[in-house]
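The chain contents come next:
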Amino acid sequence: SQKIEQNSEALNIQEGKTATLTCNYTNYSPAYLQWYRQDPGRGPVFLLLIRENEKEKRKERLKVTFDTTLKQSLFHITASQPADSATYLCARLNTGGFKTIFGAGTRLFVKA
Amino acid sequence: GAGVSQTPSNKVTEKGKYVELRCDPISGHTALYWYRQSLGQGPEFLIYFQGTGAADDSGLPNDRFFAVRPEGSVSTLKIQRTERGDSAVYLCASSLNQRETQYFGPGTRLLVL
């Protein structure tokens, strides 16, 4: 079955440091990997999408990588701020592009 | 502009009762998705609509769950004979077309006593 695995332990980092979150997938490579942010009591908010044939994608302080050999995506937040504290979800989409399979998410705490 | 809205925001019901959860997608979005999220877990896909038709309902857990989107806009998720295990947050999302960015609503928190 197709699974998305994220580190269930919370990540605690100091403000200004780079946060790195890991997403591993099983089975064949998805066509797309997406990263979402979710705050308590709210729905997920889309951040970035990376395609299977892309190695890296950037958006402001965010960077996502896609390694099909390791079956892994890394999500980086540089110059982290307390406002970045949230749960970050990784999701895979297959070629059909509509059935999204989410990981359980990793909670990030950025301390001032 | 208006985002995806869901009503009610909270619903408490008794085991065995019938509930309806409503989703108003962003205007013009043809694709609509329902997910269920339990505490500490990511959203779990339930069903996807393209227009009025359910293109994929493979995530619906059993025949107590049913969803409709009769006019290709508002959607209703219906749960019959609710069970305590149905307690979760039910999320709705819409996108302009399939493979476009999904915009999520705030969810409906369902508690079955």
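The structure this text deals with has already been given above.
First things first, this report covers the structure right here in the doc. (Residues numbered from 1 in each chain as written. Chains lettered and ligands numbered in written order. Predicted model: local features only at pLDDT ≥ 70, side-chain atom pairs only at ≥ 80, totals over all residues. Heavy atoms only, no water.)

1. Regarding the overall build of chain A
Next up, step 1: Looking only at helices and strands, one finds 0 helices and 11 strands in chain A.
Next up, step 2: Traced from its N-terminal end to its C-terminal end, chain A shows the element sequence β-β-β-β-β-β-β-β-β-β-β.
Next up, step 3: In terms of overall size, chain A behaves like a compact globule, its C-alpha atoms giving a radius of gyration of 13 Å where 112 residues would be expected to give roughly 13 Å.
Next up, step 4: Taking the principal axes of the C-alpha coordinates as reference, chain A spans close to 40 × 30 × 20 Å.
Next up, step 5: Across the 112 residues that make up chain A, the buried fraction comes to 46%.
Next up, step 6: Partitioning the contacts of chain A with sequence separation of at least 6, the portion at a separation of at least 24 is 55%.
Next up, step 7: Of the side-chain charges in chain A, 16 are positive and 10 negative, and the distance between the mean point of each set is 3 Å. (Helix = DSSP H or I, 4+ residues; strand = E, 2+ residues; numbered from the N terminus. Rg over C-alpha atoms; globule rule 2.2 N^0.38 Å. Buried < 20%, exposed > 50% of the residue type's maximum accessible area, 1.4 Å probe, protein only. Contact = heavy atoms within 4.5 Å. Lys, Arg positive; Asp, Glu negative; His and termini not counted. Charge placed at Lys NZ, Arg CZ, Asp CG, Glu CD.)

2. Examining the sheet that holds strand β8 (residues 75–79) of chain B
Residue and element names in this part refer to chain B.
Next up, step 1: Pairing in this open sheet of 4 strands is antiparallel, and the strands run β1-β3-β8-β7 from one edge to the other. Edge strands, defined here as strands with exactly one partner in the open sheet, are β1 (5–7) and β7 (65–68). Geometrically, the sheet is characterised by an average inter-axis angle of 15° between neighbouring strands, direction not taken into account. (Pairing = 2+ DSSP bridges. Axes fitted to C-alpha atoms, helices over the stretch in contact; angles between N-to-C directions.)

3. Remarks on the layout of surface pockets
Next up, step 1: Approximately 510 Å³ is the volume attributed to the largest pocket.
Next up, step 2: Contributing to the lining of the largest pocket are 24 residues, with A:Gln38, A:Thr87, B:Gln37, B:Leu39 and B:Gly40 lying nearest its centre.
Next up, step 3: Among the secondary structure elements, those contributing two or more residues to the lining of the largest pocket are β9 (86–93) and β11 (106–111) of chain A together with β9 (88–95) of chain B.
Next up, step 4: Considering only residue class, the lining of the largest pocket consists of 10 nonpolar, 10 polar and 4 charged. (1 Å grid on protein atoms, 1.4 Å probe; cavity = no way out; pocket = protein on both sides within 12 Å on 5 of 7 lines; lining within 4 Å. Points joined across faces, edges and corners; volume = space filled by probe spheres on them. Nonpolar A, V, L, I, M, F, W, Y, C, P; charged D, E, K, R; others polar.)

4. Notes on the interface of chain B and chain A
Next up, step 1: Facing the 20 residues of chain B at the interface are 18 residues of chain A.
Next up, step 2: Each partner contributes to the roughly 1,500 Å² buried at the junction of chain B and chain A, and carbon and sulfur atoms together form 54% of this total.
Next up, step 3: On the surface where chain B and chain A come into contact, there are 0 salt bridges.
Next up, step 4: Along the contact surface separating chain B from chain A lie 5 residue pairs in polar contact (both at pLDDT 80 or more). (Buried area = accessible area lost by both parts, 1.4 Å probe. Salt bridge = Lys/Arg side-chain N within 4 Å of Asp/Glu carboxyl O. Polar contact = N/O pair within 3.5 Å; in protein donor to acceptor, adjacent residues only side chain to side chain.)

5. Concerning the state of the cysteines
By definition, a disulfide links the sulfur atoms of two cysteines through a covalent bond.
Next up, step 1: Considering all chains together, one arrives at 2 disulfides over all chains under this definition.
Next up, step 2: Here A:Cys23 is linked by a disulfide to A:Cys90, with a sulfur-sulfur distance of 2.0 Å. On the sign convention where negative means left-handed, the S-S torsion of about -65° between A:Cys23 and A:Cys90 marks this disulfide as left-handed. Taken together, the residues A:Cys23 in strand β3 (residues 19–25) and A:Cys90 in strand β9 connect sequence positions 67 residues apart.
Next up, step 3: Its relative accessible area of 0% is what places A:Cys23 among the buried residues.
Next up, step 4: By relative accessible area, A:Cys90 is classed as buried at 0%.
Next up, step 5: A disulfide bridge connects B:Cys23 with B:Cys92, and the sulfur atoms are separated by 1.9 Å. (Disulfide = S-S within 2.5 Å.)

6. Observations concerning a nonpolar patch on the surface
Residue and element names in this part refer to chain B.
Next up, step 1: Among the surface-exposed residues, Val12, Leu111 and Leu113 lie close enough to one another that they form a single nonpolar patch of about 270 Å² accessible area.
Next up, step 2: Counting through the fold element by element, Leu111 comes out in strand β11 (residues 108–112).
Next up, step 3: With a relative accessible area of 40%, Leu111 lands in the partly exposed category. (Patch = residues over 30% accessible without salt bridge, like charges linked within 9 Å, V, L, I, M, F, W, Y side chains within 5 Å. Areas by Shrake-Rupley, 256 points an atom, 1.4 Å probe, with all protein chains shown as cover.)

7. A word on the pattern of salt bridges
Next up, step 1: Taken as a whole and assessed by the stated rule, the structure comprises 9 salt bridges over all chains.
Next up, step 2: One salt bridge in this structure joins A:Arg37 and A:Asp39, with 3.0 Å as the shortest N-O distance.
Next up, step 3: On the basis of relative accessible area, A:Asp39 is assigned to the partly exposed category, the value being 24%.
Next up, step 4: We note a salt bridge from B:Asp24 to B:Arg22, for which the minimum N-O separation is 2.8 Å.
Next up, step 5: Classification of B:Asp24 as partly exposed rests on a relative accessible area of 22%.
Next up, step 6: Linked through salt bridges whose partners overlap, the residues forming this network are A:Glu56, A:Arg58 and A:Lys63.

8. Describing the environment of A:Lys55
Residue and element names in this part refer to chain A.
Next up, step 1: Inspection of the secondary structure puts Lys55 in the loop between β5 (45–51) and β6 (56–59).
Next up, step 2: Along the chain, Lys55 and Asp67 lie 12 residues apart, while their C-alpha atoms are 6.6 Å from each other.
Next up, step 3: Each residue touching Lys55, except ones within four places of it in the same chain, is listed here: Ile50, Val64, Thr65 and Phe66.

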